[in-house]
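Listed below are the residues making up each chain.
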Amino acid sequence: MSILVGRDTTFLVQGITGREAVNLTRECLDYGSQVVAGVTPGRAGRDVYGVPVYDSVRDAVAKHGPVHGSVISVPPGFVRDAAFEAIENGVKLIVIVTENIPRQEVAQMVELAGLRGARIIGPNCLGLITPGECKMGGIGGPAANTRQAYTRGPIGIMSRSGGMTTEIASTLTAAGLGQSTAVSIGGDAIIGTTYAELMPLFEADPETRAIAIYSEPGGRMEAELAEWVTANRSRLPVVAFMAGRFMDEMQGMRFGHAGTIVEGKEDTTAAKIERMEKAGISVAERIEEIPKLLQKRLGEGA
Amino acid sequence: MRFYEYESKALFRRHGMPLPKSGLAREAADARRIASEIGGPVVLKSQVLSGGRMKAGAVRFAETPDQAAAHYEAIVPIVVNGQRCRAVLVEEKKGIAQEYFAAITWDGRRKCPVLVFSDMGGIDVEEVAEKHPEHVSKTHFSSLFPITPRIAKEAIGATGVTGDALNRLTPIVFELMRVFLAYDLTLAEINPLARLEDGRFVVLDGHIDMEAEARGKHKPLLAELAIAPEETRQAREATPFEIRGAEINAQDHRGVAGNVVGFDGDLGLVIGAGGGSLTLFDAVRKHGGRPANYCEIGGNPSVNKAKELTKLILSKPGVRKIAVMMNVVSNTRVDIVARGVIKGCIEAGKKPSEVIAIFRIPGAWEGEGFKILRKYGVDYCDRSVSMYEAAGKAVAKMRA
């Protein structure tokens, strides 16, 4: 099993004729994902690596029937409308790759998705992957690189950084620990799906036996995760890596992602580490410690 | 992007909020003229992008125009938390009966805006919330559906405010909600919102933060407020080195090569964007290294962009070597970055093999990238060397 995507998942790519979208379509197809259609207004009738292009999600769905997901890779000013279009045409899983979207627009998309029973991953993310089955988005890059970094196994990954998702997967793979599903959740201040919101899915997945997360200063997402783990007596050991320790000394400065800005005491790495450790989450000092900590925690449970 | 008080108030005025009579003084004579036009006691407030003005002595009261001019001269040189005075706001002084607090910000957990209202304004709201929770209300509202004054009324009423005060406060707080949504703000705050001795309500101070990502959407407003595009309004002013980094990034839409922040160390960093950069900056410091800068590169920049950025970092006084490091990359081509960085070193008159302490970018097109690095004798490593170890190698080279 896996969460969110698998062998049968079908999806479309909105903005498919754009440079980045063309690449990610190629990468997903090469990996074996079912990209059934693409959407770019005014480009109906073309194709991208054999994937037919339509003017609207409505036209694509009329032709191909319902699809499970959509990857949105359009310029920032068009993202909100693209997401609304996917949601209103029955798409339930929407991955938003684009960055630099004002948080009000993200909040609006998330609100509509909530009303229609849809889920948004991102924005400013690389998507998600169930190794060997489906890759939805740019995660892992070209299929050959993706196969090198990601292997199938018991670890779920959630990461605020797209690049660090793959770095962690690569480190786990080198240590013989495969992954059930890895999700790049995005680096913005407001995102569609947080750690705590993915936890119940991993919890219900028999294949997943532990979780690795990549975390940063800024926001209250780790507090939410810590609360969830405690309140639900999670069966899954969680190991976190916390980057940006240097930012504790530089409040109000923005580094890296839009969501990475220390605005209050709870946003610092020190406060986050304390909170997570209190909830039984192990915090690694370095990426390469993650496999050992996971193995130790998995051994405890056995 | 934080607004100065006078800019926040200009925005409030556009939306019909009640404000004291005021004028912006850029020299002592302005302060004297504005004070005499107001014709009564005034308050002079330094315009800085920081709190703590009162403590620093950058807020003063004057009874006469001459006194206002004298205070102006006293206020201007005062630096508040590293922020220099941009101008002085001269405002009529009001007799206050009670202070309220109203602020709207984003709740990242609930993913919607939250209105915080208190009838104990003027002081630290978090402290009030702890000691007198019944005097602080928190009200979430939709950013998708139309809002109406009802939300403001309920939020105000929840703190026990009723009668005339409730009816007069409601439209002001509602307008604040509308301003928040209309301009993609991340914070819209009135503190204090004062009831005067004559029963009227007025906005005495305001604080506005606009989302940096939304600047393009609100160009007419920013132009009207005379906020220049190059004003970053971060916690500290951008240096010429940092501004040059932004220029290089803007020259070409392909990839990121910018977001440069200067430090006073000797090791220049060209490090992966986003999470990788935070991880590597930490690792360099953990090994005892002294970063000369924080600089992101990623998203497949052009050779030229990587080259210009490398030259910029090498031009920074004190920089002896650079480290080029990223996490395993997927959408950035290793060979293109390698080519750009090496070109940059050569154009800066340095030998790549000597000035590049370590090159650790594994991933897409790494075979081609490593070939180029080998040709120039640059020390590089693949993914079998962790980010932490690579940072250690770079720091060790600085000591050699």
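Rules behind the numbers
- Residues numbered from 1 in each chain as written.
- Chains lettered and ligands numbered in written order.
- Predicted model: local features only at pLDDT ≥ 70, side-chain atom pairs only at ≥ 80, totals over all residues.
- Heavy atoms only, no water.
- Buried < 20%, exposed > 50% of the residue type's maximum accessible area, 1.4 Å probe, protein only.
- Helix = DSSP H or I, 4+ residues; strand = E, 2+ residues; numbered from the N terminus.
- Pairing = 2+ DSSP bridges.
- Contact = heavy atoms within 4.5 Å.
- Axes fitted to C-alpha atoms, helices over the stretch in contact; angles between N-to-C directions.
- Buried area = accessible area lost by both parts, 1.4 Å probe.
- Salt bridge = Lys/Arg side-chain N within 4 Å of Asp/Glu carboxyl O.
- Core = buried A, V, L, I, M, F, W, Y, C linked by side-chain atoms within 4.5 Å.
- pLDDT = per-residue confidence, 0-100.

Moving on to the pairing of strand β10 (residues 206-210) of chain B. Residues and elements named next belong to chain B. Judged by how many residues are buried, β10 sits mostly within the fold: five of five residues are covered. Burial of β10 is two-sided: the residues Gly206, Ile208 and Met210 facing one way and the residues His207 and Asp209 facing the other way are all buried. Here strand β8 (residues 185-196) runs beside β10; their pairing, made up of five bridges, is antiparallel. Residue pairing across strands places leucine 187 opposite aspartate 209, the latter belonging to β10.

For the rest of this paragraph, the subject is unusual backbone geometry. With an omega of 5 degrees, the peptide bond running from glycine 122 of chain A to proline 123 of chain A counts as cis. Mapped onto the elements, proline 123 of chain A comes out in the loop between β7 (119-121) and β8 (127-130). Between asparagine 191 of chain B and the following residue, proline 192 of chain B, the backbone shows a cis peptide bond with an omega angle of 5 degrees. Position of proline 192 of chain B among the secondary structure elements: in strand β8. The phi dihedral of tyrosine 49 of chain A falls on the positive side, at around 50 degrees, and the residue is not glycine. Mapped onto the fold, tyrosine 49 of chain A is located in the loop between β3 (47-48) and β4 (51-54). Accessibility expressed as a relative area gives 44% for tyrosine 49 of chain A, which makes it partly exposed.

On to the environment of arginine 84 of chain B. Residues and elements named next belong to chain B. Mapped onto the fold, arginine 84 is located in the loop between α4 (65-75) and β4 (88-92). For the pair arginine 84 and glutamate 237, spaced 153 residues apart in the sequence, the C-alpha separation amounts to 9.8 Å. In this view, arginine 84 contacts Gln47, Val48 and Val79; residues no more than four positions away in its chain are not counted.

Our focus in this paragraph is the sheet that holds β4 of chain B. Residue and element names in this part refer to chain B. Pairing is antiparallel across the open sheet formed by four strands, whose spatial order is β1-β4-β2-β3. Both edges of this open sheet fall to β1 (22-25) and β3 (59-62), since each of them pairs with a single strand only. In this sheet, adjacent strand axes meet at a mean angle of 20 degrees when their direction is disregarded. Examined bridge by bridge, β1 and β4 share four bridges and lie antiparallel to one another. Along β4, the bridge assignment pairs alanine 25 with valine 88. Strands in contact with helix α1 (residues 5-14) are β1, β2 (42-46) and β4; relative to β4, the strand with the most contacts, it is inclined by about 50 degrees. Here α4 sits on the sheet in contact with β1, β2, β3 and β4, set at roughly 165 degrees to β3.

It is worth spelling out the interface of chain B and chain A at this point. Residue-level contacts link 48 residues of chain B with 64 residues of chain A. Of the roughly 4,300 Å² buried at the junction of chain B and chain A (both faces included), carbon and sulfur atoms supply 54%. Interface area lost by chain B to chain A is led by Arg109, Lys111 and Glu213 of chain B, which between them contribute 18%. Our enumeration of links across chain B and chain A arrives at eight salt bridges.

We now examine the pattern of salt bridges. Residue and element names in this part refer to chain B. This model, assessed by the stated rule, comprises 52 salt bridges over all chains. In this structure, the salt-bridge partner of aspartate 30 is arginine 33, at a minimum N-O distance of 3.8 Å. Of this pair, aspartate 30 and arginine 33 both sit in helix α2 (residues 28-38), three residues apart, which is roughly one turn of that helix. When its relative accessible area of 40% is taken as the criterion, arginine 33 is described as partly exposed. Measuring nitrogen to oxygen at the nearest pair gives 2.9 Å for the salt bridge that ties aspartate 164 to arginine 168. Of the two residues, aspartate 164 and arginine 168 both sit in helix α7 (residues 163-182), four residues apart, roughly one turn of that helix. The network of salt bridges with shared partners includes Glu5, Lys9, Lys45, Arg53, Glu91 and Asp205.

Attention shifts here to helix α8 (residues 221-231) of chain A. Three- or four-residue spacings in an α-helix give side chains the same orientation, since the helix completes a turn every 3.6 residues. Residue and element names in this part refer to chain A. Judged by how many residues are buried, α8 sits mostly within the fold: eight of eleven residues are covered. If you check which residues of α8 are buried, you get Met221, Glu222, Ala223, Glu224, Leu225, Ala226, Trp228 and Val229. Tucked into the core, α8 has its buried residues touching α7 (195-203), β12 (210-215), β13 (238-242) and α9 (269-278). Following α8 by one or two positions, arginine 233 adopts a phi angle in the positive range, close to 40 degrees.

Residue and element names in this part refer to chain A. The strand order across the open sheet built from seven strands is β3-β4-β2-β1-β5-β6-β7, with neighbouring strands paired in mixed fashion. Only two strands of the sheet have a single partner each, and these edge strands are β3 and β7. Sheet contacts for helix α3 (residues 76-88): β1 (10-14), β2 (34-39), β5 (69-72), β6 (93-96) and β7; angle to β6, the most-contacted strand, approximately 165 degrees.

With that out of the way, let us pick up the environment of valine 79 of chain A. Residues and elements named next belong to chain A. By the element assignment, valine 79 lies in helix α3. The exposure class assigned to valine 79 is buried, which follows from its relative accessible area of 0%. Along the primary structure valine 79 and glycine 15 are separated by 64 residues, whereas in three dimensions their C-alpha atoms are 9.7 Å apart. Residue contacts for valine 79: discarding those within four places in its chain leaves Val74, Ile96, Thr98, Ile101 and Met109.

Judged by nonpolar contacts, the single largest core of 71 residues is most densely connected at Ile96 of chain A together with Phe3 and Met177 of chain B. Ranked by residues supplied to this core, first place goes to α7 of chain B with eleven residues. Apart from residues no more than four positions distant in its own chain, isoleucine 96 of chain A is found in contact with Ile72, Val79, Ala83, Ile101, Met109, Ile120, Ile121, Gly122, Pro123, Asn124 and Cys125 of chain A. In this structure, Tyr31, Ala210 and Phe241 of chain A together with Val284 of chain B belong to the second largest nonpolar core, which totals 55 residues.

All names here are of chain B. Taking burial as the measure, the five residues of β2 include five buried ones, the bulk of the element. Residues Val42, Leu44 and Ser46 of β2 are buried on one face, and the alternating residues Val43 and Lys45, pointing to the opposite face, are buried as well. Note: β2 against β4, five bridges, orientation antiparallel. In the strand pairing of β4, leucine 44 is matched with valine 90. Relative to β3, β2 runs antiparallel, the two sharing four bridges.

All names here are of chain B. Looking at chain B, the pLDDT average stands at 93 and 99% of residues meet or exceed 70. Per-element mean pLDDT across chain B ranges from 79 in strand β11 (residues 256-262) up to 98 in helix α6 (residues 149-157). Predicted complex, confidence summary: ipTM 0.93, pTM 0.93.

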